[in-house]
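Results of the structural survey
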Amino acid sequence: MAQGTEGYRLEKSRRIVVMGVSGSGKSTIGDAIGERMGIPYIDGDQYHPEHNIEKMSRGEPLNDDDRAGWLERLSDLISDYRERDETVLIGCSSLKNSYRDILRQGDDGLIFLFLDGSYNVILGRMQERKHFFSADMLTTQFDTLERPTDTEAMRVDIDVDFHEVVESGVRAIIDRDRALSAQPS
Ligand SMILES: Nc1ncnc2c1ncn2[C@@H]1O[C@H](COP(=O)(O)OP(=O)(O)OP(=O)(O)O)[C@@H](O)[C@H]1O
Ligand SMILES: O=C(O)[C@H](O)[C@@H](O)[C@H](O)[C@H](O)CO
């Protein structure tokens, strides 16, 4: 377990995806972790084609076809950062195994941070925010989610205070960074 997390510098450049259903906290937690660690945070929603945003805004969930091009763009983005040997945090729901496989094409050492919480807590938070993704569609996100194993992703419990989630996320990234660095290359 990591001791102090303040001012920790990663051993190597890393590409880190903050994943989880809509409303799990990818943007707010990802951004706060980035601030804490001095890593840029990019929200994957910025890479959706306009028709995906329009579809979700109409209250219609995306399907595999809608997500395919979007995931390819994010995979390319990850690959760009890897080629430049730079660290980045990217928020992307990454709900299915096959979606995570597409993202890993950009970096086979991609780190996933899984924001894991209960339906009721996330629903409550979504009902409090103004966002194009309506809380009515949260069930479809849970139905689609294929939970990553603990080997595939670092799991962070989000049913707790915001600062606690950020601290757990930072610790999880540090732990994974150390574990990866300890592996023979
Ligand atoms: N631990 C927490 N405690 C209380 N509120 C939280 C916590 N984490 C996130 N929130 C709030 O929950 C709401 C959803 O978070 P956020 O918008 O970051 O989720 P998201 O995963 O990025 O959603 P989307 O994928 O739909 O963009 C926000 O209003 C955020 O401020
Ligand atoms: O895979 C998906 O269904 C989408 O990525 C959604 O998760 C939205 O992008 C996001 O949650 C809305 O902001």
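Described in the following lines is the structure provided in the data block. Just so we're clear, the structure is a prediction, and the values are computed from it rather than from any experiment.

1. Brief notes about helix α1 (residues 26–37)
In this model α1 runs 16 Å from its N-terminal to its C-terminal C-alpha over 12 residues, within 8% of the 16 Å that 1.5 Å per residue would give. Residues of α1 that are buried: K26, I29, G30, I33 and M37. For α1, the arc enclosing every buried residue in end-on projection is 100 degrees, short of the 170-degree limit, so these residues lie on one face. Structurally, α1 contributes buried residues whose contacts are with β1 (15–19), β2 (41–43), β3 (88–91), β4 (111–116) and α7 (162–182). Positive phi appears at G38, one or two residues downstream of α1, with a value of about 70 degrees.

2. Focus: the site of ligand 1
Taken together, 20 residues lie near ligand 1, and S22, G25, S27, T28 and R125 sit nearest. Secondary-structure elements contributing two or more residues to the shell around ligand 1 are α1, α5 (119–128) and α7. For the shell around ligand 1, the class distribution of residues is 5 nonpolar, 10 polar and 5 charged.

3. Describing the packing of α1 against α7
Their axes nearest at 9 Å, the elements α1 and α7 cross at an angle of 60 degrees. One finds that α1 runs oblique with respect to α7. Note that α1 runs across α7; the crossing there is right-handed. Mapping the contact onto sequence places I29, A32, I33, R36 and M37 in α1 and V165, V166, G169 and V170 in α7. A class-by-class count of the residues in the contact of α1 with α7 yields 7 nonpolar, 1 polar and 1 charged.

4. What to know about the site of ligand 2
Around ligand 2 sit S22, D45, L62, R67, S93, L95 and F133, and that is every residue in its neighbourhood. For the shell around ligand 2, the class distribution of residues is 3 nonpolar, 2 polar and 2 charged.

5. Remarks on the sheet that holds β4
Taken in spatial order, the 5 strands of this open sheet run β2-β3-β1-β4-β5, and their pairing is parallel. The sheet is open, and its two borders are formed by β2 and β5 (153–157), each paired with just one other strand. The sheet shows a mean angle of 25 degrees between the axes of neighbouring strands, direction not considered. Strand direction decides the pairing type here: β2 and β3, joined by 3 bridges, are parallel. Of the residues in β3, the one forming a bridge with I42 is I90. Sitting on the sheet, helix α3 (residues 64–83) touches β1 and β3, and the angle it makes with β3 is about 175 degrees.

6. Let's talk about the environment of S75
Turning to its location among the elements, S75 is positioned in helix α3. Here the alpha-carbon distance between S75 and K12, two residues 63 residues apart in the chain, equals 20 Å. When residues no more than four places from it in sequence are discounted, the contact partners of S75 are I102, L103, Q105 and G106.

7. Some remarks on the nonpolar core
Grouped together as the largest cluster of nonpolar side chains are 35 residues, with contacts concentrated most on V17, M19, F112 and L113. What L113 contacts, discounting residues up to four positions off in sequence, is I16, V18, M19, A153, M154, V156, G169, A172 and I173.

What counts and what doesn't
Residues numbered from 1 in each chain as written. Chains lettered and ligands numbered in written order. Predicted model: local features only at pLDDT ≥ 70, side-chain atom pairs only at ≥ 80, totals over all residues. Helix = DSSP H or I, 4+ residues; strand = E, 2+ residues; numbered from the N terminus. Expected span 1.5 Å × (residues − 1). Buried ≥ 20, exposed ≤ 12 C-beta atoms within 10 Å, placed from the backbone. Arc of directions from axis to C-beta. Contact = placed C-beta atoms within 7 Å. Near = placed C-beta within 6 Å. Nonpolar A, V, L, I, M, F, W, Y, C, P; charged D, E, K, R; others polar. Axes fitted to C-alpha atoms, helices over the stretch in contact; angles between N-to-C directions. Parallel < 35°, antiparallel > 145°, perpendicular 65-115°, else oblique. Left-handed = near helix turned anticlockwise from the far one by under 90°. Pairing = 2+ DSSP bridges. Core = buried A, V, L, I, M, F, W, Y, C linked by C-beta atoms within 7 Å.

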